[in-house]
Amino acid sequence: MLPNSLQPREYQQKIAEAASQANTLVVLPTGLGKTLIALLVAKLRLEKFPNGKVVILAPTRPLVLQHYNSFKEILSLQSKDIVLLTGENPPEERSYLWRRSKFVFATPQTVRNDMRHGRIELNDVVLLVFDEAHRSVKDYSYTEVAKVYTETAWTPLILGLTASPGGSAEKINEITRTLFIEHVEARSEEDEDVKSYVEETTFEGRKVALPKEYSQMLSILRDIYNEKVNRLMDSGFVPRTRLSKKILLQARATMAARLKSGGGNKGYIYGALINQAQAIMILHAIELAETQGVDVLLKYLKRQREKPEQGKSAIALQKDPRWIMLEDEANRIKSVEYPKLTELRSIVKGQFATKADSKIIIFTQYRDTIESIVETLAKDGFPAQRFVGQANKTDSEGMDQKKQTDVLEKFTEGEFKVLVSSSIGEEGLHVPDVDLVVFYEAVPSEIRAIQRKGRTGRTMRGRVIVLIAEGTVDEAYFYSSLRREKFMKSMVSPNRIEKKAERKVSKSPPTLMDYME
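Below is a short write-up of the structure. Worth saying up front: this structure is predicted, and the values here are computed from it rather than measured.

## Some details on helix H3 (residues 61–75)
Residues that lie three or four places apart on an α-helix share one face, since the helix turns once every 3.6 residues.
Alright, step 1. In this model, H3 (15 residues) spans 21 Å end to end at C-alpha, consistent with the 21 Å of a helix rising 1.5 Å per residue.
Alright, step 2. Within H3, burial applies to Pro62, Leu63, Val64, His67, Tyr68, Phe71 and Leu75.
Alright, step 3. The first or second residue beyond H3 is Ser76, which carries a positive phi of 50°.

Here's what the structure looks like:
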């Protein structure tokens, strides 16, 4: 089944053998061959159950297609034995292709919907692979598919794959519970059987100071924000402490529940809802101004102003004289180059001066920032290409699967050397190994941080730089993700996980604590 030329690494073989015996979560750094491990487990399962079916799920269509191509190429599968299912296939056709095929590749949403409508059955599936298994939380489609599978399959086996399960015990336990995990196989870059395949990567947080010209603009924003949150504190919906976006969002749920129950003065609660919505909008504007710069802030303000349909909160905020003054002030200082952009230009120039044929990926979570970076680097003589997902409300052009593939191919071939990517370049997609990864902003999620860093240091020495605006949410996010990543590694390190995997017979799903020595 496997070509003779394909020689799995020792750790891949060991992990696959263990994973073929029990529901397993594999935690392995990006670029160390999680897909090949899935392929080896599939081989072992089909040898044991030759009439069975293997299903591989991934959260996005480009990622599903990547797995489909890998399996088809490595195993030299005939078209009748392998199928890629998406919502674009008519339902009746999906049902037929599912029954006919030995290997099925799909998004979990497609499988869940077809299960609900009785178009497919999971009883003959002998291996169900959940790629990017950290997604298996709350009501994401993975959780429902896994539950139905364990209840209906004749010989079920689950394989979860991730580079980063999460930075809290609660998150990791939720994943192991929702995927019915019985065993965890984890490796880090420091493990003896892995480190020879990983190149050294340097990691640096580089701080920049906001321009003094920003002080008046930020003062206006904070003045409006403080007014809104003080009203929420006075009404008792938020605590009198330092507020986070999470607390503000939770407050809305509390208000909605109070309205639904009929308790309290409705007019009073509606007023609080308006203040909460405005506080969120203002907080987002502060974050844009501080971590992305005035140009991106102005684009946000313009979009808010020109929205065809606006809620009462947005309309009221835009009538506030201070909000109007804010936009005037932002326009007044827009010629001041944002310091992260200045620093980025210096980093890129320095990298190419050191190594002319370097490849660089710059990650940022805002599409407006992507456009700004691409334009700026082009002026410096460094042509860059953007890499984003499909069209959304802030970017009607977007990129479909064909355009994404075309850009990645050109980047791989060296037709351009700088890729400026949104979050779509973080998760799973086969992005070529690069010399330098730049985070244009710190991200609070340790999962996203690990995925970004994993784009370098795979086949050659790598370098990661995180740009941090001093005194802003960047600093909090930077240290928070480092702390969570350290905790996650300690939670899933091999010396803390029981090596002898045995199926546990239990009435309740296991938690990570069940695997601790």
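Structure's up, so let's keep going.
## Re the pattern of salt bridges
Alright, step 1. What the rule picks out here adds up to 35 salt bridges.
Alright, step 2. Note that Arg345 is salt-bridged to Glu337, the shortest N-O span being 3.1 Å.
Alright, step 3. Accessibility expressed as a relative area gives 23% for Arg345, which makes it partly exposed.
Alright, step 4. Between Arg386 and Glu371 there is a salt bridge; the shortest N-O distance is 3.1 Å. Separated by 15 residues along the polypeptide, Arg386 in strand S10 (residues 384–387) and Glu371 in helix H15 (residues 367–379) bring together distant segments of the chain.
Alright, step 5. For Arg386, a relative accessible area of 15% gives the class buried.
Alright, step 6. One continuous salt-bridge network, built from bridges that share partners, spans Asp223, Glu227, Lys228, Arg231, Asp320 and Arg322.

## As for the pairing of strand S13 (residues 462–469)
Along any regular strand, the residues point their side chains to alternate faces of the sheet.
Alright, step 1. In terms of residue burial, S13 counts as a mostly covered element, since seven of its eight residues are buried.
Alright, step 2. Of the strand pairs in this sheet, strand S8 (residues 201–208) and S13 are connected by eight bridges, and their pairing is parallel. Counted as the bridge partner of Val208 is Ala469 from S13.

## As for the sheet that holds S10
Alright, step 1. Strand order in this open sheet of six strands is S8-S13-S12-S9-S11-S10, and the pairing throughout is parallel. Edge positions in the open sheet fall to S8 and S10, since each of these has one partner strand only. Here the strands of the sheet are splayed against their neighbours by 20° on average, with no regard to which way each runs.
Alright, step 2. Where strand S9 (residues 360–363) meets strand S12 (residues 436–439), four bridges bridge the pair, whose relative direction is parallel.

## Describing empty space enclosed by the protein
Alright, step 1. In this structure the tally under the stated criterion is two cavities of 30 Å³ or more.
Alright, step 2. Computed from the structure, the largest cavity encloses a volume of approximately 60 Å³.
Alright, step 3. Forming the walls of the largest cavity are Phe203, Phe439, Ala442, Val443, Ala449, Lys453, Val466, Phe478, Ser481, Leu482 and Glu485.
Alright, step 4. When grouped by side-chain class, the residues that make up the lining of the largest cavity number eight nonpolar, one polar and two charged.

Criteria and cut-off values
- Residues numbered from 1 in each chain as written.
- Predicted model: local features only at pLDDT ≥ 70, side-chain atom pairs only at ≥ 80, totals over all residues.
- Heavy atoms only, no water.
- Helix = DSSP H or I, 4+ residues; strand = E, 2+ residues; numbered from the N terminus.
- Expected span 1.5 Å × (residues − 1).
- Buried < 20%, exposed > 50% of the residue type's maximum accessible area, 1.4 Å probe, protein only.
- Salt bridge = Lys/Arg side-chain N within 4 Å of Asp/Glu carboxyl O.
- Pairing = 2+ DSSP bridges.
- Axes fitted to C-alpha atoms, helices over the stretch in contact; angles between N-to-C directions.
- 1 Å grid on protein atoms, 1.4 Å probe; cavity = no way out; pocket = protein on both sides within 12 Å on 5 of 7 lines; lining within 4 Å.
- Points joined across faces, edges and corners; volume = space filled by probe spheres on them.
- Nonpolar A, V, L, I, M, F, W, Y, C, P; charged D, E, K, R; others polar.

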